[in-house]
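So the chains spell out like this:
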Amino acid sequence: MYDIHIDRTHNLVEATLGGMMTIDEVAEYIVDLKRAFVMKKLHSYSMIVDVTNCPIQQQSMIQAMGSHMATMPKATALAVVVGSSLARMQVRRLFTQPYARIVATTEEGRAWVLSGTEPTIH
């Protein structure tokens, strides 16, 4: 389950992921994300991915997500909102880009991607 919202004013992509995702859902999510980029004519963007409603995912899904993400255009800034410390560890292995930050709240994510404010370390 996922939802994608694009704020064209700020060139901000917000994605909310939830539940246990399958490999097919991951592929569909990336296709929908790319379609949204084309429809909104995004060339440069920042992104917030909220995974607070995702439990720890299966390793095969994490590998599939990593492979699919490698095909995405590079964001200028990326924030991943996580809830649990176990999810934080899993996300940390997936999002290693120097422009990515793991945050506790959407507000911290917005502060990072829109103004470069470093998140509080949790």
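Now for a quick tour of the structure. Everything numeric here is computed off the predicted structure, so don't read it as measured data. (Residues numbered from 1 in each chain as written. Predicted model: local features only at pLDDT ≥ 70, side-chain atom pairs only at ≥ 80, totals over all residues. Heavy atoms only, no water.)

Quick look at the side chain of E14 now. Position of E14 relative to the elements: it lies in strand β2 (residues 12–18). Polar contacts involving the side chain of E14 include one to the side chain of R110, which spans 2.8 Å. (Helix = DSSP H or I, 4+ residues; strand = E, 2+ residues; numbered from the N terminus. Polar contact = N/O pair within 3.5 Å; in protein donor to acceptor, adjacent residues only side chain to side chain.)

The next point concerns the sheet that holds strand β1 (residues 2–7). Strand order in the open sheet made by the five strands is β1-β2-β3-β4-β5, with mixed pairing throughout. Edge positions in the sheet fall to β1 and β5 (100–103), since each of these pairs with one other strand and no more. Pairs of neighbouring strands in the sheet enclose a mean axial angle of 15 degrees, with direction left out of account. Bridging between strand β3 (residues 46–53) and strand β4 (residues 77–81) involves five bridges; their strand directions are parallel. Note on β4: the bridge partner recorded for D50 is V81. (Pairing = 2+ DSSP bridges. Axes fitted to C-alpha atoms, helices over the stretch in contact; angles between N-to-C directions.)

As a further point, take the layout of surface pockets. To find the voids left in a structure, one rolls a probe of water-molecule size over its atoms. Taken as a whole, the largest pocket holds about 390 Å³ of empty space. As for the largest pocket, its lining consists of 29 residues, and the residues nearest its centre are V49, M65, M69, L94 and F95. The set of elements that each furnish at least two residues to the lining of the largest pocket consists of α1 (23–39), β3, α2 (59–69) and α3 (85–94). In terms of residue class, the lining of the largest pocket is built from 25 nonpolar, three polar and one charged. (1 Å grid on protein atoms, 1.4 Å probe; cavity = no way out; pocket = protein on both sides within 12 Å on 5 of 7 lines; lining within 4 Å. Points joined across faces, edges and corners; volume = space filled by probe spheres on them. Nonpolar A, V, L, I, M, F, W, Y, C, P; charged D, E, K, R; others polar.)

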